[in-house]
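Remarks on the overall topology
Listed here are the chains, written in short residue letters.
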Amino acid sequence: MDSDVSERRFLDPFAGKAVSPPPVWLMRQAGRYLPEYRQVRVEAGSFLKLCYTPRLAAEVTLQPIRRFGFDAAILFSDILVVPDALGQTVRFEEGEGPRLDPVQTLADLDRLALSKTGSKFSLVCETVERLRRDLPQETALIGFCGAPWTVATYVVEGRGSADQSAARHWAYRDPDGFQRLIALLTDASIEYLSGQVRAGADALQIFDSWAGSLADDQFERWVIGPTAKIVREVRARHPGVPIIGFPRGAAALLEGYIEGTSVDGVSCDTACPLGLMQQTARNGQVVQGNLDPLLLVSGGDALDRRVDEIRAAMKGLPFIFNLGHGIVPDTPPDNVARLVKRLRSTN
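Computed from a predicted structure; not experimentally measured. (Residues numbered from 1 in each chain as written. Predicted model: local features only at pLDDT ≥ 70, side-chain atom pairs only at ≥ 80, totals over all residues. Heavy atoms only, no water.)

Thoughts on the pairing of strand β2 (residues 90-93)
- The sheet contact formed by β2 and strand β3 (residues 97-100) spans 4 bridges and is antiparallel. Paired with Glu 93 across the strands is Gly 97, a residue of β3. (Pairing = 2+ DSSP bridges. Helix = DSSP H or I, 4+ residues; strand = E, 2+ residues; numbered from the N terminus.)

As structure tokens, then:
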């Protein structure tokens, strides 16, 4: 193993090593809660331009590493880069979130193509190359994509939704047609992640933020099946690169997800019981999570107690400290610093 890579503590749990204190990074650690991010966001002019401008995307990825010294950086991008690169119109409206021209028929789907992805994927990979060059040698770099099911919910609905009903209806009404969309997103995600690894990513995470909205039989088809293909194909191209799955809201199906997808690690959301995290880690699976992002906003003694509780419960196990979901915009940066200091204060 390259000596620089061997120094990256984030990777130790994937090599079967229990690390104390555990490695730490936080989902959405680069973002609006940091004033320096907001300055760069103004310079970029639009969210997608920020994602596709390697100099700026690398800068905001580096900002939380400079501030807090996390053990891993995660590429600054967005899960909707994939449908945007496939040819779907994607825009981000201030205060409203993402808006897409919905894909709800096979004719709509025919307008998307893997052949269109090259230039936009290459811009993201240029960001990865910059980061690998500019990050401290001891800091791991995580690449990512959205899982096909979660991305499909935005592709079909044209925006985020409370219950992902448009995608669920299509999956029930015309499973073969919906499978075409999932297959396209799966193949695009394989190429996207593979490019990130070639550019320098040490590990990958697959975000399935809406996995918990599916019935168990649908979960098997639309979450486990596509994720398993991504893991299999990326691993065949890049053996040894850890792949973490995040099936948010699906703790009851976690064991089946791990077995069915063969991920190297699993990220657990805030509602996932600490006891289940312990059991999963004792079975040899790398686990990360599950601090409540809102507790990070509140801070204080309650934050200290929960950090201590999670760390004590997972001591001696293959564990990476993280949140149960992303940092929210009103999080005080001082609370993030407090978390990191608390976690690393004693062995």
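Quick notes on helix α2 (residues 35-44)
- Every buried residue of α2 is accounted for by Glu 36, Tyr 37, Val 40, Arg 41 and Ala 44. End-on view of α2: buried residues confined to an arc of 140°, all on one side of the axis. Exposed and oriented more than 90 degrees from the buried face of α2 are Gln 39 and Val 42.
- Where the residues of α2 are buried, they touch α3 (47-51) and α4 (54-68).
- Looking at the residues trailing α2, positive phi occurs at Gly 45, about 95°. (Buried < 20%, exposed > 50% of the residue type's maximum accessible area, 1.4 Å probe, protein only. Arc of directions from axis to C-beta. Contact = heavy atoms within 4.5 Å.)

Re the packing of α4 against helix α7 (residues 118-134)
- The N-to-C vectors of α4 and α7 enclose an angle of 50°; their axes lie 8 Å apart at closest approach. Taken together, the axes of α4 and α7 lie oblique to each other. When you trace α4 past α7, the crossing you get is right-handed. Mapping the contact onto sequence places Pro 54, Arg 55, Ala 57, Ala 58, Thr 61 and Leu 62 in α4 and Leu 123, Glu 126, Thr 127, Arg 130, Leu 131 and Asp 134 in α7.
- The residue makeup of the contact of α4 with α7, split by class, is 6 nonpolar, 2 polar and 4 charged. (Axes fitted to C-alpha atoms, helices over the stretch in contact; angles between N-to-C directions. Parallel < 35°, antiparallel > 145°, perpendicular 65-115°, else oblique. Left-handed = near helix turned anticlockwise from the far one by under 90°. Nonpolar A, V, L, I, M, F, W, Y, C, P; charged D, E, K, R; others polar.)

Some words on empty space enclosed by the protein
- Considering all chains together, one arrives at 1 cavity of 30 Å³ or more under this definition.
- Forming the walls of the largest cavity are Pro 247, Gly 249, Ala 250, Ala 251, Leu 254, Ser 267, Cys 268, Asp 269 and Cys 272.
- Taken together, the residues of the lining of the largest cavity sort by class into 6 nonpolar, 2 polar and 1 charged. (1 Å grid on protein atoms, 1.4 Å probe; cavity = no way out; pocket = protein on both sides within 12 Å on 5 of 7 lines; lining within 4 Å. Points joined across faces, edges and corners; volume = space filled by probe spheres on them.)

What to know about the nonpolar core
- Of all hydrophobic cores here, the largest spans 122 residues; its most connected members are Phe 10 and Phe 178.
- Of all the elements, helix α10 (residues 175-199) adds the most residues to this core, at 11 residues.
- Residues in contact with Phe 10, not counting those within four places in the same chain, are Pro 23, Trp 25, Asp 71, Ala 72, Ala 140, Ile 142, Ala 203, Ile 244 and Ile 320. (Core = buried A, V, L, I, M, F, W, Y, C linked by side-chain atoms within 4.5 Å.)

Remarks on helix α9 (residues 165-173)
- Every buried residue of α9 is accounted for by Ala 166, Ala 167, Trp 170 and Ala 171. Seen from one end, α9 has its buried residues packed into an arc of 135°, which puts them on one side. Seen from the buried face of α9, the exposed residues on the opposite side, beyond 90 degrees, are His 169, Tyr 172 and Arg 173.
- Structurally, α9 contributes buried residues whose contacts are with α6 (106-109), α8 (148-157), α10 and α11 (216-237).

Re unusual backbone geometry
- A cis amide bond, omega -5°, links Ser 20 with the succeeding residue Pro 21.
- Take Pro 21: it is sitting in the loop between α1 (3-6) and α2.
- The omega torsion of the bond from Gly 289 to Asn 290 falls at -10°, within 30 degrees of zero and hence cis.
- Following the sequence through the fold, Asn 290 ends up in strand β8 (residues 286-291).
- Its identity is not glycine, yet Gln 164 carries a phi of approximately 55°, on the positive side.
- You can see Gln 164 is positioned in the loop between α8 and α9.
- Exposure remark for Gln 164: the relative accessible area of 2% places this residue in the buried category.

Observations concerning the UniProt feature "binding site: substrate" (unreviewed entry) in the chain
- According to UniProt, the positions carrying the feature "binding site: substrate" (unreviewed entry) are Arg 28, Gln 29, Ala 30, Gly 31, Arg 32, Asp 78, Tyr 154, Ser 209 and His 325. Separation in sequence by 298 residues is matched in space for these annotated residues, since their most distant C-alpha atoms are 22.9 Å apart. Considering only the residues just annotated, the largest pocket is lined by Arg 28, Gln 29, Ala 30, Gly 31, Arg 32, Asp 78, Tyr 154, Ser 209 and His 325.
- With respect to the element layout, Asp 78 can be found in the loop between β1 (72-74) and α5 (81-86).
- Note on Asp 78: relative accessible area 17%, which makes it buried.
- One polar contact links the side chain of Asp 78 to the main-chain amide nitrogen of Leu 80, over a distance of 2.9 Å.
- You can see Tyr 154 is positioned in helix α8. (UniProt positions renumbered as here; feature names shortened; annotations may be inferred. Polar contact = N/O pair within 3.5 Å; in protein donor to acceptor, adjacent residues only side chain to side chain.)

So, the UniProt feature "site: Transition state stabilizer" (unreviewed entry) in the chain
- With numbering aligned to this structure, UniProt lists the feature "site: Transition state stabilizer" (unreviewed entry) at Asp 78.
- If sequence neighbours within four positions are ignored, Asp 78 has contacts with Phe 47, Cys 51, Phe 92 and Phe 144.

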